[in-house]
Amino acid sequence: MEEVTPLMPAPRRHRSLHDYYRILLKRRWLVLLVFCSIVAFRALMTFTAAPIYQATVQMLIERQTPRYLEQPGGAGQPASAGEEFYQTHYKLLESRALARKVVEKLNLKNNPYYANIFKELPPDADAAVKQRAEESLISAVLGGVKVTPVRQSSLVDVSFSHPDPKFAATMVNTLAQCYIEQSLDLRFAASHEASTWLREKLIEGRKKLEESEAKLNQYKRDHNIVALEDKESITVQKLEQLNRDLIAAQTHRMETETRFKEVSRGQPISQVLNNPLIQALKGQEAKLIAEQSELSRKFGADHPRMIRLANELAATRGKIGAEMGQVVQAVKNEYHMAKAQEENLKAALEAQKGDTQDMSDRNIQYRVLLRDVETNRALYENMLKSLKSTTATENTPATNIRIVYPATIPTAPVSPRKIRDLILGSLIGLTLGVGLAMFMESLDTTLKTPEEVEEWLEIPNLALIPHVEFPSGNPVQQDFPELIVHHGQEHLASESYRGLRTTILFSSPGQAPRVLLVTSSLPLEGKSLTSANLATAMAKAEPNVLLVDADLRRPSLYKIFQLPAEPGLSNFLVGELDDLPVVETVVPNLFVVTAGKIPPHPSELLGSARMREFLDLAKGRFGRIILDSPPLMSVTDAAILSTQAEGTILVVKAEAVPRQAAMDARDQLLEVNATLLGAVFNNLQTQRNGYYYNYYRYHSYYTGKDDSAAPRRRLRTPSHTGPLGWVKNQLDHFKQKSKRA
């Protein structure tokens, strides 16, 4: 016999839009419940809420304050820069201080809308409790204020919302006017503070000016200063004159000193040579010498005339010597006088220098005091001018905030907006419903579609078996209701089992597996029902099909076929029987071996040589053998039997088996090298899932049958898709039930 080749598993895939549609269709009741709840709640809130009116006043906030009088500086106030300027005004419009001013101006404590805040106060409430009530009133007022800047402009819309439209308009207009008054108050307060400060500083400045002037006058009296500039000029002139005289005296002294030195060495000097008397005496001397020389040739030395000439010559020479002595003495005297004059001039110059330095020192101190006086006078005059200007502009109503368009009484409420609220509630309800459905779907780890079976288990899905409802009562009197393929009334399920038979027969390129094992991961997945109907389908296509109830723990095939429980497989395995305990069923060509008496250790019996002997005998008599085994996750019976079968089928109940449990069952089969043909997706609730509508419509058309004519409650395939289609299907179903009634 050729080896059986299992079908190739489908590749893993991601969820498609159709998968999400199936999830929403499956959980439509949850989505519809959340949707209707949100919409109903929103509608209740919308239609029961009191209408709210909103009044809006438009204001202009300029960066620069208008100037009506010339202020100090003459250039005006610099424009505020940056977004901080406007943000400050926006926050001030929403400030508690402004709200308090509005509350006081409108006397909102006695307003019917806010009077309850103070009515709840006890009569003996202290100041702290009253203050908290006032703060609550201010908070209530601020709760209705909304500031909306107009983009790319200096305009701002200030709105107030209230159930009374007239009160809303009055409130927001009062708020705008109070804000302008608050701005003026702040400016007046600033001007008043500046005036007060200037007055105080003016008194201090006047006092400093008087003190500095007194110091300057006292200094002038102490140093006998009348006109410092003239005296300073005279002192400088004297110093310059003395300096010039000293230079001249030094020059004269040097000249006289030179003549004095020449005279002291006996050298002729110009005063001697150029002296007229000495020159005359020299001429007389020369004349006498000439006359003496001439007479000496005639007379002797003793001649009276010669003696007379000698006496005259001596007298002349004496006069010359006396005159030269006087000239020399005059030169000496002149030298000494020049030297003395130089010394005197030096002393006078040094003295004048001292006087000049003292004058400079006195001038520095004088100018310090004078500059102090001038500075104090300038400060005093500036403060006096600023005080006059500030006093003049203190009460001038100049502000950079104006009301462009006052608020009018609104005619239509801004809340609730019924259409918008209902649309918004519908969107929120739909979003929450879909989100909750997806969340619940993510929490559901069961296998819900054949595609998930192929994706997670990596084995092919051999067939899809729909959910079948069996009638209640005594099953003996119901003509074998579980044998769906036999009685053929559930044509969709019958065709599914026939499709499973065809898939198994073509699962191998050669001969199909003769010994098939049907098992599941967990109990109550429908493996026995699948085994019975698969065997029935096999018996309708080929002779001699044997169905063996190998579930020696909780057998159920004898109930389905309404057969005696004993003798059965366990009786043969323990050696009580030598022949196969085969029982013929109501299905032609189908024979059943029941489980028999429940043994204490089924695993040892199923893995024994006696079990292999049973299969060998069965192969000799039957062309197809189907084994119904216990679940894989409960006991090891199915894993033991899978090693003796030629092909294993894993039954997976829709929306009941966790993915991990199914994967563990698959792994157990693969660990013992079992030939896993694939899975059967069982018990699909088509009434709660329209995903397979096209598939079942094809089968309905092929078989030419209508489920609505069945006597029992069977599968009903919807004839419409989508949410509206679901509503139509429910209406059709209600009509059908009415007709039956």
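As a starting point, this report considers the structure included with it. From a predicted model like this one, the values you see are computed outputs, not experimental measurements.

Turning our attention to the overall build of the chain. Looking only at helices and strands, the chain features 24 helices and twelve strands. Going through the 741 residues of the chain one by one, you find that 41% of them count as buried. Residue pairs at least 24 apart in sequence account for 81% of intrachain contacts in the chain once pairs closer than 6 positions are excluded. Working note: accessible area of the chain is about 40,300 Å², and carbon and sulfur atoms make up 56% of it.

For the rest of this paragraph, the subject is the sheet that holds strand 3 (residues 155-162). Across the sheet, which stays open at both edges, the four strands sit in the order 2-3-1-4 with antiparallel pairing between neighbours. The sheet terminates laterally at strand 2 (145-149) and strand 4 (401-405), the two strands that pair on one side only. Averaged over all pairs of adjacent strands, the angle between strand axes in this sheet comes to 30°, irrespective of strand direction. In the sheet, strand 1 (residues 53-61) pairs with strand 4 via four bridges, with the strands oriented antiparallel. By the bridge assignment for strand 4, Leu-60 is matched with Arg-402.

To continue, consider the sheet that holds strand 8 (residues 583-584). Spatially, eight strands are ordered 5-12-11-6-10-7-9-8 in an open sheet, and the strand pairing comes out mixed. Each end of this open sheet is capped by a strand with a single partner; those strands are strand 5 (461-466) and strand 8. When strand 7 (residues 545-549) meets strand 10 (residues 624-628), the two strands line up parallel, connected through five bridges. Within strand 10, the position partnered with Asp-549 by the bridge is Asp-628. Set on the sheet, helix 16 (residues 527-541) makes contact with strand 6 (515-520), strand 7, strand 9 (590-593), strand 10, strand 11 (647-653) and strand 12 (676-684); between it and strand 10 the angle comes to about 170°.

With respect to the helices, strands and loops of the structure, Val-545 is situated in strand 7. Taking the C-alpha atoms as reference points, Val-545 and Ala-618, separated by 73 residues in sequence, lie 9.8 Å from one another. Setting aside chain neighbours within four positions, we find Val-545 in contact with Ala-535, Met-538, Ala-539, Asn-589, Leu-590, Phe-591, Phe-622 and Arg-624.

On the secondary structure map, Arg-367 appears in helix 11 (residues 304-393). Residue class for Arg-367 comes out partly exposed when judged on its relative accessible area of 37%. Taking the C-alpha atoms as reference, Arg-367 lies 9.0 Å from Leu-216; in sequence the two are 151 residues apart.

Among the nonpolar cores identified, the biggest contains 38 residues, and Met-59, Leu-108, Val-141, Val-158 and Phe-160 are the most heavily contacted of them. Residue assignment for this core shows that the elements contributing at least two residues are strand 1, helix 3 (84-93), helix 4 (96-106), helix 6 (127-143), strand 2, strand 3 and helix 7 (165-222). When residues in this core are grouped by element, the largest group, eleven residues, is from helix 7. Beyond its immediate chain neighbours, meaning those up to four positions away, Val-141 contacts Ala-99, Val-103, Leu-108, Phe-160 and Met-171. The next biggest cluster of nonpolar side chains, apart from the first, holds 35 residues, and it includes Ala-463, Ala-493, Ile-504 and Val-545.

Okay, the pairing of strand 6 next. Most of strand 6 sits out of view: six of its six residues are buried. Residues of strand 6 alternate between two faces, with Val-515, Leu-517 and Thr-519 on one and Leu-516, Val-518 and Ser-520 on the opposite face, all of them buried. The pairing of strand 6 with strand 10 spans four bridges and is parallel. Each bridged residue has a counterpart across the sheet, and for Val-515 the counterpart in strand 10 is Ile-625. Where strand 6 lies against strand 11, five bridges are found, and the strand directions are parallel. When the bridges of strand 11 are listed, Val-518 appears paired with Ile-649.

Looking along a regular strand, one sees the side chains alternate between the two faces of the sheet. As paired elements, strand 2 and strand 3 share five bridges and run antiparallel to each other. Paired with Thr-148 across the two strands is Asp-157, which belongs to strand 3.

At a closest axis distance of 9 Å, the pairing of helix 15 (residues 491-505) and helix 16 adopts a crossing angle of 70°. Comparing the axis directions of helix 15 and helix 16 gives the class roughly perpendicular. Counting all contacts with helix 15, which are made through Tyr-497, Arg-498, Leu-500, Arg-501, Ile-504 and Leu-505, the residues of helix 16 involved are Leu-529, Thr-530, Asn-533, Leu-534, Ala-537, Met-538, Lys-540 and Ala-541. Taken together, the residues of the contact of helix 15 with helix 16 sort by class into nine nonpolar, two polar and three charged.

What sets the pattern is the α-helix's 3.6 residues per turn: residues three or four places apart point alike. Spanning 26 residues, helix 12 (residues 418-443) covers 36 Å between terminal C-alpha atoms, matching the ideal 38 Å at 1.5 Å per step. Among all positions in helix 12, only Asp-421, Gly-425, Gly-429, Gly-433, Ala-437 and Glu-441 are buried. The secondary structure elements touched by the buried residues of helix 12 are helix 1 (17-26) and helix 2 (28-48).

Within helix 1, the full set of buried residues consists of Asp-19, Arg-22, Ile-23, Leu-25 and Lys-26. All buried residues of helix 1 project into a common sector of 165° when viewed along the axis, lining one side. In this fold, the buried residues of helix 1 make contact with helix 2, helix 12 and helix 13 (450-457).

About the criteria used
- Residues numbered from 1 in each chain as written.
- Predicted model: local features only at pLDDT ≥ 70, side-chain atom pairs only at ≥ 80, totals over all residues.
- Heavy atoms only, no water.
- Helix = DSSP H or I, 4+ residues; strand = E, 2+ residues; numbered from the N terminus.
- Buried < 20%, exposed > 50% of the residue type's maximum accessible area, 1.4 Å probe, protein only.
- Contact = heavy atoms within 4.5 Å.
- Areas by Shrake-Rupley, 256 points an atom, 1.4 Å probe, with all protein chains shown as cover.
- Pairing = 2+ DSSP bridges.
- Axes fitted to C-alpha atoms, helices over the stretch in contact; angles between N-to-C directions.
- Core = buried A, V, L, I, M, F, W, Y, C linked by side-chain atoms within 4.5 Å.
- Parallel < 35°, antiparallel > 145°, perpendicular 65-115°, else oblique.
- Nonpolar A, V, L, I, M, F, W, Y, C, P; charged D, E, K, R; others polar.
- Expected span 1.5 Å × (residues − 1).
- Arc of directions from axis to C-beta.

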